[in-house]
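# Remarks on the overall topology
Spelled out from the first residue to the last, the chains are:
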Amino acid sequence: FIDLHPFRPREIRSVVGPKKNVGGAGEPSAEELAAKLANPTTPVMTIGNNLDFITYKGDLPDAGGQSAFRYVFQTSFPFKLSNGGSIFFRPAIPVLFNDPVPNDEGGFDSKGTDLGDIGFDFSYGATTEGGLLWGGGLAGTFPTATDDALGKDRWALGPEILLGVIRKWGVIGGILAHQWDYAGSGDASIDLTSLSYFYAFSLGGGWQIAAGPTISYDHARGGSDAWTVPVGVGLARTSVLASRPWKFQLQYWNYVRGADAFAPQHQIRLSINPVIEAPWNRGK
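Since the model is a prediction, treat every value here as computed from it, not as a measurement.

Cut-offs and rules
Residues numbered from 1 in each chain as written. Predicted model: local features only at pLDDT ≥ 70, side-chain atom pairs only at ≥ 80, totals over all residues. Heavy atoms only, no water. Phe/Tyr/Trp six-rings, centres within 6.5 Å; stacked < 30°, edge-to-face > 60°. Helix = DSSP H or I, 4+ residues; strand = E, 2+ residues; numbered from the N terminus. Buried < 20%, exposed > 50% of the residue type's maximum accessible area, 1.4 Å probe, protein only. Lys, Arg positive; Asp, Glu negative; His and termini not counted. Salt bridge = Lys/Arg side-chain N within 4 Å of Asp/Glu carboxyl O. Contact = heavy atoms within 4.5 Å. Core = buried A, V, L, I, M, F, W, Y, C linked by side-chain atoms within 4.5 Å.

## Observations concerning the packing of aromatic side chains
- The final tally for this structure, using the stated rule, is 14 aromatic pairs.
- Ring plane angle 20° and centroid distance 5.1 Å describe the contact between Phe79 and Trp280, whose orientation is recorded as stacked. Here Trp280 lies in the segment after strand E17 (263–276) and Phe79 lies in strand E3 (residues 77–80), a separation of 201 residues in the sequence.
- Residue classification places Phe79 among the partly exposed residues on the basis of a relative accessible area of 35%.
- The partly exposed category is assigned to Trp280, whose relative accessible area is 24%.
- Geometrically, the ring pair formed by Phe142 and Trp155 is edge-to-face, given 5.7 Å between the ring centres and 70° between the ring planes. A residue pair is termed long-range when its members are at least 10 positions apart, and Phe142 in strand E9 (residues 132–142) and Trp155 in strand E10 (residues 154–167) qualify at 13 residues.

Structure representation (structure tokens):
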């Protein structure tokens, strides 16, 4: 049901509206496309391919020698509404390669290639004429991990809200969510608050300084170990290749807070995201 053919000029205009400065009459510039793609309420369908390299720190023996590689497939399914807003379903499917897991002997087990728990949100979002981004909905987790050590084997669900602003210089905002577990066979509980903050500052020509890490607090754990706080910076570039918009992004996250025993320290993320037409939004 996904149209994999290149965007036609009419379809690109439907994403960003009529523009006049480059590429011929009515065609958007890379800078205009970049601004739209940085706005989480824009009803465009992106195919997110995120490659993560993570290093760790902690008090456990050899914690600082651990690293992991992950691939996260994160796409957005937008459904435009007649009032100008959109409903979104956004799943995030992680594939884990050699994730380190602390064992009972005080060392680490290196797992093979596994599927992690799938996260998602189902929400409404809109942008006002004044440039306010707002929305809300549900965030959840499916217990899909193929190894018990890499997931909690619990279903979770809870509310989320989005607030932000978009201006000529860029966009800034955050998505605040909380999840509780409500079913599943795992022993551990889920009681997690998260804040996914995002920003993108325009440099012109489709280039942006941009990042989107997630801060979290695990109420089930409590105390100082409950915080995970990354500070992120990155560079993004939006281009039109063979009539299709693409967004490329490289981010670096430094984790300034985490569990004392074992926690992430550095993370590098490379994202390669083509934009395709959502066929159910044609003519809207």
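Next, the rest of the story.
## Considering the side chain of Lys247
- With respect to the helices and strands, Lys247 occurs in strand E16 (residues 244–257).
- Despite its burial, Lys247 pairs with no opposite charge, the nearest such side chain being Glu31 at 14 Å.
- Setting aside residues up to four positions removed in sequence, Lys247 forms contacts with Leu37, Ala38, Gln208, Ala236, Arg237, Thr238, Ser271, Ile272 and Asn273.

## Examining the pattern of salt bridges
- Under the definition given, this model contains seven salt bridges.
- Of the charged contacts in the structure, one is a salt bridge between Arg70 and Asp99, with a shortest N-O distance of 2.8 Å. Residue Arg70 is found in strand E2 (residues 67–75), and its partner Asp99 is found in the loop between strand E4 (86–97) and strand E5 (100–102); the two are separated by 29 residues along the sequence.
- Judged by relative accessible area, which is 4%, Asp99 ranks as buried.
- With a shortest N-O distance of 3.9 Å, Lys152 and Asp218 are connected by a salt bridge. Highlighted residues: Lys152 in the loop between E9 and E10 and Asp218 in strand E14 (residues 214–218), separated in sequence by 66 residues.
- On the basis of relative accessible area, Asp218 is assigned to the buried category, the value being 14%.

## Notes on the side chain of Ser76
- In this fold, Ser76 is placed in the loop between E2 and E3.
- Beyond its immediate chain neighbours, meaning those up to four positions away, Ser76 contacts Val44, Met45, Thr46, Phe88, Phe89 and Arg90.

## Comments concerning the nonpolar core
- Core analysis: the biggest nonpolar cluster contains nine residues, these being Ala38, Leu133, Leu162, Val171, Ile175, Phe198, Ala200, Ala210 and Ala236.
- Looking at this core, the elements that each hand over two or more residues are strand E11 (170–184) and strand E12 (191–204).
- Discounting residues that sit within four places of it in the chain, Val171 has contacts with Ala38, Leu133, Val165, Ile166, Phe198, Tyr199 and Ala200.
- Ile54, Tyr56, Ala68 and Phe108 belong to the second-largest nonpolar core, a separate cluster that totals six residues.

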